Amino acid sequence: MIDAYSTTAYMFLSMLLLMATGLPIVYCLGAVGSLAAIFLWGFEALDIVYFATVDLMNNLILSAVPLFIFMGFVLHESKIGRDLFDTVHLCSGRLRGALGIGTMLLCALMAAMLGVSSATVLSMGVIAVPAMLQKKYDKSLAVGIVQAGGALGFLIPPSMMMVMYAFISGVSVGKLFAGGIVPGILLSLIYILYIVILAWLKPDYAPAMETEEPVCTKIKAKALLELALPLTLIFSILGTIFMGLASPTEAAAIGAAGSLVCAAIKKRLNLEMLKASCRQTFAICGFAAYLIIAALIFSKVYTGLGATTMIKSLVLGLDPNPIVVMALIQISFFILGMFMDDIAILFMCMPIYIPIIIGLGFDPVWFGILFVVNMQMAYITPPYGLNLFYMRAVAPKEVTLKDIYWGAVPFIFLQGLLLILLILFPQLVLWLPDLIFG
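Counting of residues starts from 1 at the beginning of each chain's written sequence and follows it residue by residue. Only residues with pLDDT of at least 70 are given local features in this predicted model, and only at 80 or more are side-chain atom pairs given and counted; all residues enter the totals for whole chains, interfaces and linings. The side-chain quantities take in all heavy atoms of the structure and omit both hydrogens and water.

Draft legend 1. Geometry of the overall build of the protein chain. Numbered from the N terminus, helices here are DSSP runs of H or I no shorter than four residues, and strands are runs of E no shorter than two. Across its full length, the protein chain carries 21 helices and zero strands. The buried share of the protein chain, reckoned over its 438 residues, is 53%. Note on contacts: a residue pair qualifies if any of its non-hydrogen atoms lie within 4.5 Å across the two residues. Taking as baseline every contact in the protein chain between residues at least 6 positions apart, the subset at least 24 positions apart corresponds to 81%. Exposed residues in this analysis have more than 50% of their type's maximum accessible area, buried residues have under 20%, and partly exposed residues fall in between, with area computed by a 1.4 Å probe over protein chains only.

What follows is the structure, encoded as structure tokens:
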């Protein structure tokens with residue numbers, strides 16, 4: 001009889017070996033989970049595939065995901081991001097690094113507006129990177145700003161990863177959204193401080209706007225009106241959730257409808273735009289659905305072995321230092337994030353880790369935000385960082401893959417700094433959820 005320890009080793013080693021062949025992670029998780037179920041309990045155990053699919057289809061929380069993604073791509077395809085960047089460009093003063101700072105602020109705004117990292121990176125990669133290069137910005141800094149700024153979509157609500165974490169942990173989506181606001185603002189400020197210091201120490205990395213390009217105050221004020229639509233949309237989504245007027249799913253529907261209204265106001269609502277938005281939404285949601293089903297199969301088999309209880313008892317039985325355990329969990333997330341998809345990590349690891357952190361007395365909302373920050377790091381960490389691939393697809397020809405990778409490195413360290421601060425000071429996460437929800 002194979003015990004839970006041996007089966008754990010076999011399942012994870014088999015998955016890693018399949019991944020080493022280059023097979024997509026969805027097939028690795030699904031195949032290992034299904035074959036393990038057959039080996040342990042016979043072919044009747046394949047019913048687990050059906051139940052994993054039913055669990056996904058019947059969950060109301062996850063229905064918010066396609067709505068938020070659709071909202072993001074409508075705003076992306078209607079070129080609202082381009083209008084916002086024009087505003088940032090006009091209002092950038094003659095201070096060194098002003099355009100980079102404005103781009104980072106715009107990325108934070110778009111993260112709150114789109115909720116999809118890929119849409120932000122693709123939009124700003126096409127618009128902001130060439131503009132910064134034209135102003136003689138360092139290539140690595142220009143792409144690094146957009147890559148890191150795009151990843152803010154993980155942390156600044158509405159966040160798809162927070163919705164999925166709520167699905168698997170049972171934590172309130174509203175509390176997670178509230179918990180991400182202060183860390184999201186703090187990380188944006190850390191990024192901006194880095195740009196300011198770098199521009200001061202190395203003026204040629206982020207030069208100021210040339211003196212022959214003055215813009216009058218009246219034009220700037222008119223340009224700032226472009227912020228009215230996205231800010232209204234953001235407050236309508238988060239405000240209805242925090243005030244208890246709508247559930248996250250209902251707020252997502254408001255956001256999707258609001259994005260169509262924004263596109264109509266801009267006179268860019270047309271059939272081609274809707275087709276493109278729907279096509280990209282279906283592509284991302286389809287991929288995510290298959291990945292979630294495969295990860296659920298893997299985790300259900302693993303949980304059915306009693307391995308989750310085994311690991312929890314093993315860890316808690318050692319009477320460990322809770323902060324050391326938390327640090328080791330975060331390191332495991334970082335390492336996995338270098339090679340695996342964030343959704344796969346969520347559904348594979350959380351059934352194991354959540355009982356442990358609750359047993360150690362940690363708040364699952366706080367733990368969820370730490371996980372989100374780690375997955376944000378994964379999106380710009382080589383070799384699997386998806387934002388690196390998105391940037392490679394849209395960056396100007398003079399930007400090399402080396403520039404893209406080196407541009408991400410300082411921002412990875414800054415994200416790590418935020419993670420350490422959140423571990424040491426949990427109230428940075430928990431203060432606002434406690435204030436809003438009691």
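Draft legend 2. Representation of the nonpolar core within the structure. Met-15, Leu-29, Phe-333 and Phe-367 are the most contacted members of the largest nonpolar core, which has 144 residues in total. Counting residues per element, this core draws most heavily on helix α17 (residues 342-359), at 13 residues. With sequence-adjacent residues up to four places away left out, Met-15 is seen in contact with Cys-28, Leu-29, Val-32, Phe-298, Met-340 and Met-348. We define a nonpolar core as any set of buried Ala, Val, Leu, Ile, Met, Phe, Trp, Tyr and Cys residues linked to one another through side-chain atoms lying within 4.5 Å. If you look at the next biggest cluster of nonpolar residues, it comprises five residues, including Phe-70, Ala-256, Ala-263 and Met-273.

Draft legend 3. Structural view of the packing of helix α9 (residues 160-169) against helix α18 (residues 364-378). Between the N-to-C directions of two axes lies an angle of 0 to 180 degrees, each axis being a line fitted to C-alpha atoms and, for a helix, fitted only over the stretch in contact. It is at 10 Å that the axes of α9 and α18 come closest, and there the two elements cross at 135°. Regarding the angle of α9 to α18, the classification is oblique. As α9 runs across α18, the sense of the crossing is right-handed. Together, Met-161, Met-162 and Tyr-165 of α9 and Pro-364, Phe-367, Gly-368, Ile-369, Phe-371 and Val-372 of α18 make up the contact between the two elements. Nonpolar residues are Ala, Val, Leu, Ile, Met, Phe, Trp, Tyr, Cys and Pro. Charged residues are Asp, Glu, Lys and Arg, and all others, Gly as well, are polar. Considered class by class, the residues forming the contact of α9 with α18 number eight nonpolar, one polar and no charged. Angle categories: roughly parallel below 35 degrees, roughly antiparallel above 145, roughly perpendicular from 65 to 115, and oblique for all the rest. Left-handed is the label given to a crossing in which the near helix is rotated counterclockwise from the far helix by less than a right angle, and right-handed is the label when the rotation is clockwise.

Draft legend 4. Representation of the environment of Phe-389. Checked against the element boundaries, Phe-389 lands in helix α19 (residues 386-394). C-alpha of Phe-389 to C-alpha of Tyr-379: the two residues are ten residues apart in sequence and 9.6 Å apart in space. Leave out the neighbours within four places in its chain, and Phe-389 touches Pro-383, Tyr-384 and Tyr-405.

Draft legend 5. Focus on the environment of Gly-368. With respect to the secondary-structure elements, Gly-368 resides in helix α18. Separated by 188 residues in sequence, Gly-368 and Gly-180 place their C-alpha atoms 9.4 Å apart.

Draft legend 6. Region of the structure containing the packing of α9 against helix α10 (residues 173-201). Interhelical geometry of α9 versus α10 gives an angle of 140° and a closest axis separation of 9 Å. What the angle tells us is that α9 and α10 run oblique. The two elements α9 and α10 cross, and the hand of that crossing is right-handed. Residues Met-162, Val-163, Tyr-165 and Ala-166 of α9 pack against Val-173, Leu-176, Phe-177 and Gly-180 of α10. Grouping the constituent residues of the contact of α9 with α10 by class yields seven nonpolar, one polar and no charged.

Draft legend 7. Main features of a nonpolar patch on the surface. On the surface, Val-324, Leu-328, Ile-331, Ile-335 and Phe-339 cluster together into a nonpolar patch covering about 480 Å² of accessible area. In this fold, Leu-328 is placed in helix α16 (residues 322-337). With relative accessibility at 53%, the residue Leu-328 sits in the exposed group. Distance thresholds for patches are 9 Å for like charges and 5 Å for nonpolar side chains (Val, Leu, Ile, Met, Phe, Trp, Tyr), applied to residues having over 30% relative accessible area and no salt bridge. Surface exposure here means Shrake-Rupley accessible area, sampled with a 1.4 Å probe, where a residue is shielded only by the protein chains that are shown. By salt bridge we mean one thing: a side-chain nitrogen of Lys or Arg within 4 Å of a carboxyl oxygen of Asp or Glu.

Draft legend 8. Inspection of helix α20 (residues 401-424) at higher detail. Each helix should span, by expectation, one fewer than its residue count multiplied by 1.5 Å. Between its terminal C-alpha atoms α20 stretches 35 Å, which fits the 34 Å expected from 24 residues at 1.5 Å a residue. Bend at a residue means the angle formed by two fitted axes: the first through the 7 residues ending at that position, the second through the 7 residues beginning there. For α20, the principal kink sits at Val-409 and spans about 25°; a proline, Pro-410, occurs within the next four residues.

Draft legend 9. Local environment of helix α2 (residues 25-41). With 17 residues, α2 extends 24 Å between its outermost C-alpha atoms, agreeing within 8% with the 24 Å of an ideal straight helix rising 1.5 Å per residue. Those residues of α2 lying buried are Ile-25, Val-26, Cys-28, Leu-29, Gly-30, Val-32, Gly-33, Ser-34, Ala-36 and Ala-37.

Draft legend 10. Highlighting the side chain of Thr-381. Summarising the element assignment, Thr-381 is placed in the loop between α18 and α19. The buried category is assigned to Thr-381, whose relative accessible area is 4%. Among the polar contacts made by the side chain of Thr-381, one reaches the main-chain carbonyl oxygen of Met-377 at a distance of 2.5 Å. Residues in contact with Thr-381, not counting those within four places in the same chain, are Phe-334, Met-338, Leu-388 and Ile-412. Pairs of N or O atoms within 3.5 Å make up the polar contacts considered here, provided that, within protein, one atom can donate a hydrogen while the other can accept it, and that residues adjacent in sequence are counted only when both atoms are side-chain atoms.

Draft legend 11. Local environment of the side chain of Ser-259. As for its placement among the helices and strands, Ser-259 is situated in helix α13 (residues 248-265). Looking at Ser-259, the relative accessible area reads 0%, which means it is buried.

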